[in-house]
Amino acid sequence: VLTPDMFVDNAGTEINAYETTTLTLYFANEEGNMLISEKREVEYHSNISLERIVMEQLLLGPEKNGSYPVVNPQTDVVSITVKDGICYVNFDEKFLINTVAIDPYITVYSLVNSIVESGTATKVQILVNGEANVKYHETIDLSQPFSRNLEMIEEEE
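Residues numbered from 1 in each chain as written. Predicted model: local features only at pLDDT ≥ 70, side-chain atom pairs only at ≥ 80, totals over all residues. Heavy atoms only, no water.

Draft legend 1. Representation of the pattern of salt bridges in the model. Scanning the model with the defined rule gives 5 salt bridges in all. Two residues, Lys94 and Asp76, come together in a salt bridge whose shortest N-O distance is 3.2 Å. Residue Lys94 is found in the loop between strand 4 (86–91) and helix 2 (104–118), and its partner Asp76 is found in the loop between helix 1 (50–60) and strand 3 (77–83); the two are separated by 18 residues along the sequence. Note that Glu117 and Arg148 form a salt bridge whose closest N and O atoms lie 3.1 Å from each other. Here Glu117, found in helix 2, pairs with Arg148, found in the segment after strand 8 (146–147); they are 31 residues apart in sequence, far enough to count as distant. The network of salt bridges with common partners includes Glu38, Arg40 and Glu63. (Salt bridge = Lys/Arg side-chain N within 4 Å of Asp/Glu carboxyl O. Helix = DSSP H or I, 4+ residues; strand = E, 2+ residues; numbered from the N terminus.)

See the structure below:
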């Protein structure tokens, strides 16, 4: 079933428009216990949501030395929608497979902080195969939306 939220409001002259923006992405530090910010300029098709662009860039991994990936690179994003200020990010089951040795909270808040800072949502709900009733690494309850957490960001030197 299609809903109005699934459509991009775009005038006919802008159908093939590209935009450039600077995203703030968060990746793990060397110890895997804090987040490091990385600014990245990206050009994207205006028909694609910023939240999807953020997720694609996070899955590509960091470009900066000293930063480390936070999500299994084999993970597929099933869908991303924003409704009532909440970004719903639906991953496949590979999201639950930890391929990096970092604190699970770093993974969650990397996603949340990156999406909230660069997109339009104020909270992020993480789903796995459409289900919110999941525990990430058997420690983090994903049943509620997450707000940005600035305490997990490492201060730049």
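Having seen the model, we can carry on.
Draft legend 2. Inspection of the nonpolar core at higher detail. Among the nonpolar cores identified, the biggest contains 40 residues, and Phe95, Val108 and Leu142 are the most heavily contacted of them. For this core, the secondary structure elements donating two or more residues are strand 1 (18–28), strand 2 (35–45), helix 1, strand 4, helix 2 and strand 5 (123–128). Residue contributions to this core peak at 7 residues, all from helix 2. Each residue touching Leu142, except ones within four places of it in the same chain, is listed here: Phe95, Val108, Gln125, Ile126, Val128, Ala132, Val134 and Tyr136. (Core = buried A, V, L, I, M, F, W, Y, C linked by side-chain atoms within 4.5 Å. Buried < 20%, exposed > 50% of the residue type's maximum accessible area, 1.4 Å probe, protein only. Contact = heavy atoms within 4.5 Å.)

Draft legend 3. Region of interest: the packing of aromatic side chains. Considering all chains together, one arrives at 3 aromatic pairs under this definition. Judged by centre distance (4.3 Å) and plane angle (5°), the rings of Phe91 and Phe95 are stacked. For the pair Phe91 and Phe95, one class covers both residues: buried. Clustering of aromatic rings is evident, with ring pairs tying together Phe91, Phe95 and Tyr136. (Phe/Tyr/Trp six-rings, centres within 6.5 Å; stacked < 30°, edge-to-face > 60°.)

Draft legend 4. Seen up close, the pairing of strand 5. With respect to burial, strand 5 is a largely interior element, 5 of its 6 residues being buried. Note: strand 4 against strand 5, 6 bridges, orientation parallel. Among the inter-strand pairings, Tyr88 is bridged to a residue of strand 5, identified as Gln125. For the segment spanning strand 4, helix 2 and strand 5, crossover handedness is right-handed. In the sheet, strand 5 pairs with strand 8 via 2 bridges, with the strands oriented antiparallel. Residue pairing across strands places Val124 opposite Phe146, the latter belonging to strand 8. (Pairing = 2+ DSSP bridges. Right-handed = clockwise from strand over helix to strand, strands pointing away.)

Draft legend 5. Region of the structure containing the sheet that holds strand 8. The strand order across the open sheet built from 4 strands is 3-4-5-8, with neighbouring strands paired in mixed fashion. The sheet is open, and its two edges are formed by strand 3 and strand 8, each paired on a single side. Seen against the sheet, helix 1 touches strand 3 and strand 4 and runs at an angle of roughly 145° to strand 3. Across the sheet, helix 2 lies against strand 4, strand 5 and strand 8, angled at about 135° from strand 5, the strand it touches most. (Axes fitted to C-alpha atoms, helices over the stretch in contact; angles between N-to-C directions.)

Draft legend 6. Structural context of helix 1. Taken together, the buried positions of helix 1 are Leu50, Glu51, Ile53, Val54, Met55, Gln57 and Leu58. The elements touched by buried residues of helix 1 are strand 1, strand 2, strand 3, strand 4 and helix 2. Immediately beyond the C-terminal end of helix 1, within one or two residues, lies Gly61, with a positive phi of roughly 90°.

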